[in-house]
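Residue-level structural notes
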Amino acid sequence: MKLYEQLFDELINRIEGGYYPVGSRLPSIRALSKERGVSISTVQEAYQRLEESGYTEVRVKSGYYVRARGETPELPDVSRPAQRPLEVTYWDQVYHLLTGSDSQGHVAFGTAKPDINTPTLKPLMKALTNCAAQTSENFLNYSSMHGSLHLRKQIARLAVNSGCNLHPDEIIITSGCQEALMCSLRAVTEPGDIVAIDSPSFYGSTQAIKSLGLKALEIPTHPETGISIEALELALEQWPVKAIQVTPTCNNPLGYTMPEARRKELLRLAQQYDLPIIEDDIYGDLYYRSPRPRTIKSFDDEGRVLLCSSFSKTIAYGLRLGWVAPGQCTDRVLHKKFISTVSSPPIQQEAVASFIEDGYYERHLRVMRQQYQHARDIMIDLVKRNFPEGTRISFPQGGYILWVELPIEIDSVKLNKRLENHNISIAPGVIFSASGKYRNFIRLNFSKAPDSITKAALQIVADETEKMMLEETELV
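Bear in mind the structure is a predicted one, so any value in this text is a computation, not a measurement.

What follows is about the overall build of the chain. When helices and strands are counted, the chain shows 15 helices and 17 strands. Whereas a compact globule of 476 residues would reach a radius of gyration of roughly 23 Å, the chain reaches 23 Å, a difference of no more than 12%. Within the chain, the proportion of its 476 residues that are buried is 57%. A sequence separation of at least 24 residues applies to 76% of the contacts in the chain between residues at least 6 apart. Of the roughly 20,800 Å² of accessible surface on the chain, 50% is carried by carbon and sulfur atoms. Looking at charge distribution, the chain has the averaged site of its 53 positive side-chain charges lying 5 Å from that of its 57 negative ones.

What follows is the structure in structure tokens.
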């Protein structure tokens, strides 16, 4: 263990043991360096890790202070989806969610968008401007079907953080993570096949299943540990599943991060039944603590895991830059990429590659992780204080999404309809299930700490929920 890692662990023990209580100031970098007989850079690295992990916050011209850490709320129950393969439904609700938040002043709680107004993206804007100003015809031609080599090298370098040792030639650039998921599904399935998924599951992946004529087999999922390996094994014994699709880190929408031991169990199960795993890691870099969790792909030495990700959630959704490392399915995925979009726009690829190479991406992530964790704690507190008794809330360890279980009387589709009168939208739970389960659930976005407008809008959501409960009671 390196010196800064030892110091980092010791400081955590002191904080958690109450030696440094919440709100107290840690020793200055220089003072701790002298006290411990280590270099200033060692203390700086340890303090930076504390900040990234959410234990401390920096106050300008004052130093590092121990911050309050959110307490785990009462979590939603383990999901209990249908025990059979189903055709995916509810495209109309998904379409309504994606197109219904364009009006001015609309408060869109339902769309999972990062903060794109942060100053940490200024170097990216400059890189985009510089690339657009170049007269090279390379920016007007098709890029390689694999994508920019410059960008693939940077992605391979970043993948080391998740335990992966990828070669740039193993990576294919796509139009967002959605295309990565789509090409991966097309590469390993045929129409009519069954895909096992965690439940609830991201509506983009379930709609991809729908569009390819596949069926979804929803597996019970725990809000802390993820997809049930035991239930999945029973399902594999009963049904001819052709692929497993999961989001094990900072799951959308449930928020769980699967423990490493469970990831290994899932991979062993896939090996036993000779199945590919499509791993969606789009939120992995937004895990609050450091180091971020290892991907399932990092344990795979057979190439059966197709690792999909994107910069849509970590940088900006409008970039439409994703990627996939398909392992043994590389040739098939590359063919699906060709018939889908041929190649990706070169200017965005070059700008993002430079943004990463120059160190701005890592700096951006450090700031955003802290911002999102702070916003999570505030958002959870607001929901706990304002929503009806019996409301349950997820406790994500990364990203900016909350999964909220409302009292059973609430129909989230009807609730969303009522909120339209207030220029507010939520994501109703039914779109995260193949069969329309989770009707009394909603997904909320918290990419920024709530301001007065957002707090007022959330209070309206809570008030409308209370009204619906009263109306249901009167009907009974």
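Moving on from the model shown.
The next point concerns empty space enclosed by the protein. Enumeration according to the criterion identifies three cavities of 30 Å³ or more in this entry. Residue lining of the largest cavity: 18 residues in total, with Leu158, Asp281, Asp285, Ser309 and Trp323 positioned closest to the centre. Contributing elements (two or more residues each) for the lining of the largest cavity: helix 6 (149-159) and strand 11 (305-310). Its residues assigned to classes, the lining of the largest cavity comprises eight nonpolar, seven polar and three charged. Within this model, the second largest cavity holds a volume of roughly 50 Å³.

As a general point, the strands of a sheet are linked pairwise by backbone hydrogen bonds and lie either parallel or antiparallel. An order of 13-14-17-16 is seen for the four strands of this open sheet, with the pairing classed as antiparallel. Of all strands in the sheet, those with a lone pairing partner are strand 13 (392-393) and strand 16 (427-428), marking the two edges.

The strand order across the open sheet formed by seven strands is 4-12-11-10-9-5-6, and the pairing between neighbours is mixed. Edge positions in the open sheet fall to strand 4 (172-174) and strand 6 (215-219), since each of these has one partner strand only. Sheet twist, expressed as the mean angle between neighbouring strand axes with direction ignored, is 25°. The strands touched by helix 10 (residues 260-272) are strand 9 (241-246), strand 10 (277-280) and strand 11; relative to strand 10, the strand with the most contacts, the crossing angle is about 150°.

Summary: where empty space remains is shown by rolling a probe the size of a single water molecule over the atoms. Space inside the second largest pocket adds up to approximately 550 Å³. In terms of lining residues, the second largest pocket is bounded by 27 residues, among which Leu98, Phe202, Tyr203, Lys313 and Arg320 are the most central. At four residues, helix 7 (residues 176-188) tops the list of elements feeding residues into the lining of the second largest pocket. Of the residues that constitute the lining of the second largest pocket, the class distribution is eleven nonpolar, ten polar and six charged.

With that out of the way, let us pick up helix 14 (residues 412-419). If you check which residues of helix 14 are buried, you get Ser412, Val413, Leu415, Asn416 and Leu419. For helix 14, the angular spread of buried residues about the axis comes to 160°, placing them on one side. Structural note: helix 14 exposes Lys414 and Lys417 on the side pointing more than 90 degrees away from its buried face. The N-capping residue of helix 14, defined by a side-chain oxygen 2.9 Å from the backbone nitrogen of Val413, is Asp411.

This brings us to helix 12 (residues 346-357). Between its terminal C-alpha atoms helix 12 stretches 16 Å, which fits the 16 Å expected from twelve residues at 1.5 Å a residue. Of the residues making up helix 12, those classed as buried are Pro346, Gln349, Ala351, Val352, Ala353, Ser354, Phe355 and Ile356. Against helix 5 (122-133), helix 6, strand 4 and helix 13 (360-386) lie the buried residues of helix 12. Phi turns positive, to about 90°, at Gly359, one or two residues after helix 12.

Let's shift gears to the packing of helix 7 against helix 8 (residues 203-211). Running from N to C, helix 7 and helix 8 cross one another at 40°; their axes reach a closest spacing of 10 Å. Viewed along their axes, helix 7 and helix 8 adopt a mutual orientation that is oblique. The crossing of helix 7 and helix 8 is right-handed. Between helix 7 and helix 8, the contacting residues are Gln178, Leu181, Met182 and Leu185 on the first element and Gly204, Ser205, Ala208, Ile209 and Ser211 on the second. Residues of the contact of helix 7 with helix 8, tallied by class, amount to five nonpolar, four polar and no charged.

Scoring rules and cut-offs
- Residue positions are given per chain, counting from 1 as you read along its sequence in written order.
- Selection of residues for local features in this predicted model requires a pLDDT of at least 70, selection of side-chain atom pairs for listing and counting requires 80 or more, and totals for whole chains, interfaces and linings are taken over all residues.
- Remark: hydrogens and water are excluded; side-chain values derive from all non-hydrogen atoms of the structure.
- The numbering of helices and of strands both runs from the N terminus, where a helix is a DSSP run of H or I of at least 4 residues and a strand a run of E of at least 2.
- Taken over C-alpha atoms, the radius of gyration is set against a globule rule of 2.2 Å times the number of residues to the power 0.38.
- Per-residue accessibility, obtained with a 1.4 Å probe over protein chains only, is compared with the maximum for each type, and a residue is labelled buried under 20%, exposed over 50%, and partly exposed between these values.
- Contacts are residue-level and defined by heavy atoms, with any inter-residue pair within 4.5 Å sufficient.
- Using a 1.4 Å probe, the Shrake-Rupley method yields the accessible areas, and only the shown protein chains count as cover for residues.
- None of His or the chain ends enter the tally, which takes Lys and Arg as positive and Asp and Glu as negative.
- Note that the charge is assigned to NZ on lysines, CZ on arginines, CG on aspartates and CD on glutamates.
- Think of a 1 Å grid over the protein atoms and nothing else: a 1.4 Å probe that fits but is trapped marks a cavity, an open set flanked by protein within 12 Å on at least five of seven lines marks a pocket, and residues with an atom within 4 Å of a point count as lining.
- Grid points are joined across faces, edges and corners, and a volume is the space filled by probe spheres set on the points.
- Under the convention adopted here, Pro, Cys and the residues Ala, Val, Leu, Ile, Met, Phe, Trp and Tyr are nonpolar, Asp, Glu, Lys and Arg are charged, and Gly plus all remaining residues are polar.
- Here, any two strands with at least 2 DSSP bridges between them count as paired.
- In this analysis, axes come from line fits to C-alpha atoms, helices being fitted only over the stretch in contact, and the angle between any two N-to-C directions falls in the range 0 to 180 degrees.
- Summarising the geometry, the arc corresponds to the directions from the helix axis toward the C-beta atoms.
- Pairing of N or O atoms within 3.5 Å defines a polar contact, subject to two protein rules: one partner must be a possible hydrogen donor and the other a possible acceptor, and residues neighboring in sequence count only if both atoms are side-chain atoms.
- How far a helix is expected to stretch is found by multiplying one less than its residue total by 1.5 Å.
- Oblique is the label for every angle not falling under 35 degrees (roughly parallel), over 145 degrees (roughly antiparallel), or within 65 to 115 degrees (roughly perpendicular).
- A crossing counts as left-handed when the near helix is turned anticlockwise from the far one by less than a right angle, and as right-handed when that turn is clockwise.

Function cannot be read off these values alone, since they describe shape.
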